[in-house]
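A closer look at the structure
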Amino acid sequence: MINSITLTLALSLPPPPLQLQLRSAGGGRPVPATRLRSAGPRLCAASPAVLTKIQRVGAEAILCFSLSAGATGDALAEVGEAEGSPAALSLLLERDVPEALAAAMQSNGSSLRLLGQAQLAGESPEELLARFEPGEPLSLRMAAEVWPEVPLVQRSSYIGLTLRLRGREVEGAKREEALLELRRRFPRPDGSLPELDDQLAAEVSSGLTAAALRDLVEERLKREAALAASSAAFEAAEEALLAAVAVDIPATMVKERARAQYAERCRQAEAAALDGDAASREELRSLMTWDAFSAFLASEEAAISRSLALSFAIEAVSSAEGLAVDEQAVTDNLFLYVNECKRNERPVPDMDDPAFRESFEAQYVREAVLRLVVDHAQVEWLP
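1. What to know about the overall build of the chain
Within the chain one finds 13 helices and 7 strands. Residue burial in the chain is summarised as follows: out of 383 residues, 37% are buried. Considering only residue pairs separated by 6 or more positions, the chain has 70% of its internal contacts joining residues 24 or more positions apart. Of the roughly 21,800 Å² that the chain leaves accessible, carbon and sulfur atoms contribute 50%.

And the structure:
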């Protein structure tokens, strides 16, 4: 009997060789992958495994595989009778099934991206091994999480959103300047400026009173003052956009992003420990444990999930609006950023690094989308 089968798929296609472990019920040692791969050349000339069907069902993909009788028999011959059916099945799932998946994806040009670990669908590992007979055909199904699709959105989904912003006090000088500018737009026949009364308000808009006109001017100035603090306005726009454009982020995707962030943290700690003191080396040791990563994941999981969901929402709006990156504007801003790093003695990024430029372009699109949302939003003022 076996109690675990793990099939690891790549974040991008074609995937690298998938990993499989078959363990005995008594906690026996898994069949070493290196031993299986060195068992000898493939005995089956034809493709031993075929991906017969791949179907997206919600956030998962169902993968259906068919292995020929010759393939299952040859697998046992490769590993040897002494290793038996568990090792033969391990070889098929570790080598032949991933190869079939990669070949099918490449030949069909599928845009489906698989995530994390695929698991058996519809049966347990014990049940699969129980029905596996070397020399007989074998069919199996597996399920894997898939990369989320960018949602198709209507303009009404992100135009006119309500932003909740804390009101900022309007400076008296700015208020008087705005009112003076308004009076200048409606001069009297003799060239004099009108009083701010109901007559002027009606000229601005039929039925408007002087009090309502003052409120409109005050509202506009409060809005401009709040939006001048773009970080607060953008944060409110992000929350409104996340609520309007919902995207389910797979747990595997969050974990992969967390692993990448944690790896960078460990890399920085390692660099500090090389020339650091005993405390730096102890910090590095404390990071190199599964418990430390688990704690990091628990603390950052919500923030990472939010960041990923926001990136899909922004991409959805960008696609709907047909926004295009202004390459010259990005380059100009890159130069400004690099010069700012030099002035402040911060690490200077490599402008020719594709990954860095891509992240900079993503930030450019993010700000363009959020500015669009902010400019067309309804504002609810908080006390």
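So that's the structure; there's more coming.
2. Notes on the layout of surface pockets
Over the atoms, a rolled probe matching the size of one water molecule traces out where space is still vacant. Taken as a whole, the largest pocket encloses approximately 790 Å³ of empty space. Broken down by secondary-structure element, the contributors of at least two residues to the lining of the largest pocket are helix H9 (251-274), helix H11 (290-321) and helix H13 (354-375).

3. Some words on the packing of aromatic side chains
All told, the structure shown has 4 aromatic pairs when counted by the stated rule. Seen in terms of ring centroids, Trp-290 and Phe-293 are 5.4 Å apart; in terms of plane orientation they differ by 45°. Their pairing is tilted. Taken together, the residues Trp-290 and Phe-293, both in helix H11 and 3 residues apart, mark about one turn of the helix. Joined through ring pairs, the aromatic side chains of Tyr-262, Trp-290, Phe-293 and Phe-296 make up one cluster. The ring of Trp-147 has Arg-113 sitting right over it, with the charged end atom 4.0 Å from the ring centre.

4. Here we look at the side chain of Thr-252
Positionally, Thr-252 belongs in helix H9. Under the relative-accessibility criterion, Thr-252 is labelled buried at 16%. The residues contacting Thr-252, other than those within four sequence positions of it, are Leu-115, Gly-116 and Glu-145.

5. Thoughts on the packing of H9 against H11
For any two helices packed against each other, one specifies the crossing angle of their axes together with the interaxial distance. As a packed pair, H9 and H11 sit with axes 8 Å apart at the nearest point and diverge in direction by 120°. For the element pair H9 / H11, the angle class is oblique. You can see that H9 and H11 cross each other, and the crossing is right-handed. Contact with H9, carried on its side by Met-253, Val-254, Lys-255, Arg-257, Ala-258, Arg-259, Gln-261, Tyr-262 and Arg-265, involves Ala-292, Phe-293, Phe-296, Leu-297, Glu-301, Ile-304, Ser-305, Ser-307, Leu-308 and Phe-312 of H11 and no other residues of that element.

6. Considering the environment of Ile-54
Looking at where Ile-54 falls in the secondary structure, it is placed in strand E2 (residues 49-57). Ile-54 sits in the partly exposed class, given a relative accessible area of 32%. Setting aside its immediate chain neighbours within four residues, Ile-54 contacts Ala-61, Ile-62, Leu-63, Met-105 and Leu-112.

7. Some details on the packing of helix H12 (residues 327-343) against H13
One way to put it is that H12 packs onto H13 with a least axis distance of 10 Å and a crossing angle of 110°. As the angle between them shows, H12 and H13 are arranged roughly perpendicular. In the crossing of H12 with H13, the sense of the turn from one axis to the other is right-handed. Contact residues: H12 offers Glu-327, Ala-329, Val-330, Thr-331, Asn-333, Leu-334 and Tyr-337, while H13 offers Phe-356, Arg-357, Phe-360, Glu-361 and Tyr-364. Here the residues of the contact of H12 with H13 sort into 7 nonpolar, 2 polar and 3 charged.

8. Re the nonpolar core
Counting 47 residues, the largest nonpolar core has Tyr-158, Leu-163, Leu-241, Ile-249, Tyr-262 and Val-369 as its most contacted members. When contributions to this core are tallied by element, the ones reaching two or more residues are strand E6 (162-166), helix H8 (230-244), H9, helix H10 (278-287), H11, H13 and strand E7 (378-382). Counting residues per element, this core draws most heavily on H11, at 13 residues. In contact with Ile-249, not counting residues within four places along its chain, are Pro-148, Val-254, Ser-305, Leu-308, Ala-309 and Phe-312.

Criteria and thresholds
- Residues numbered from 1 in each chain as written.
- Predicted model: local features only at pLDDT ≥ 70, side-chain atom pairs only at ≥ 80, totals over all residues.
- Heavy atoms only, no water.
- Helix = DSSP H or I, 4+ residues; strand = E, 2+ residues; numbered from the N terminus.
- Buried < 20%, exposed > 50% of the residue type's maximum accessible area, 1.4 Å probe, protein only.
- Contact = heavy atoms within 4.5 Å.
- Areas by Shrake-Rupley, 256 points an atom, 1.4 Å probe, with all protein chains shown as cover.
- 1 Å grid on protein atoms, 1.4 Å probe; cavity = no way out; pocket = protein on both sides within 12 Å on 5 of 7 lines; lining within 4 Å.
- Points joined across faces, edges and corners; volume = space filled by probe spheres on them.
- Phe/Tyr/Trp six-rings, centres within 6.5 Å; stacked < 30°, edge-to-face > 60°.
- Lys NZ or Arg CZ within 6 Å of the ring centre and 35° of its normal.
- Axes fitted to C-alpha atoms, helices over the stretch in contact; angles between N-to-C directions.
- Parallel < 35°, antiparallel > 145°, perpendicular 65-115°, else oblique.
- Left-handed = near helix turned anticlockwise from the far one by under 90°.
- Nonpolar A, V, L, I, M, F, W, Y, C, P; charged D, E, K, R; others polar.
- Core = buried A, V, L, I, M, F, W, Y, C linked by side-chain atoms within 4.5 Å.

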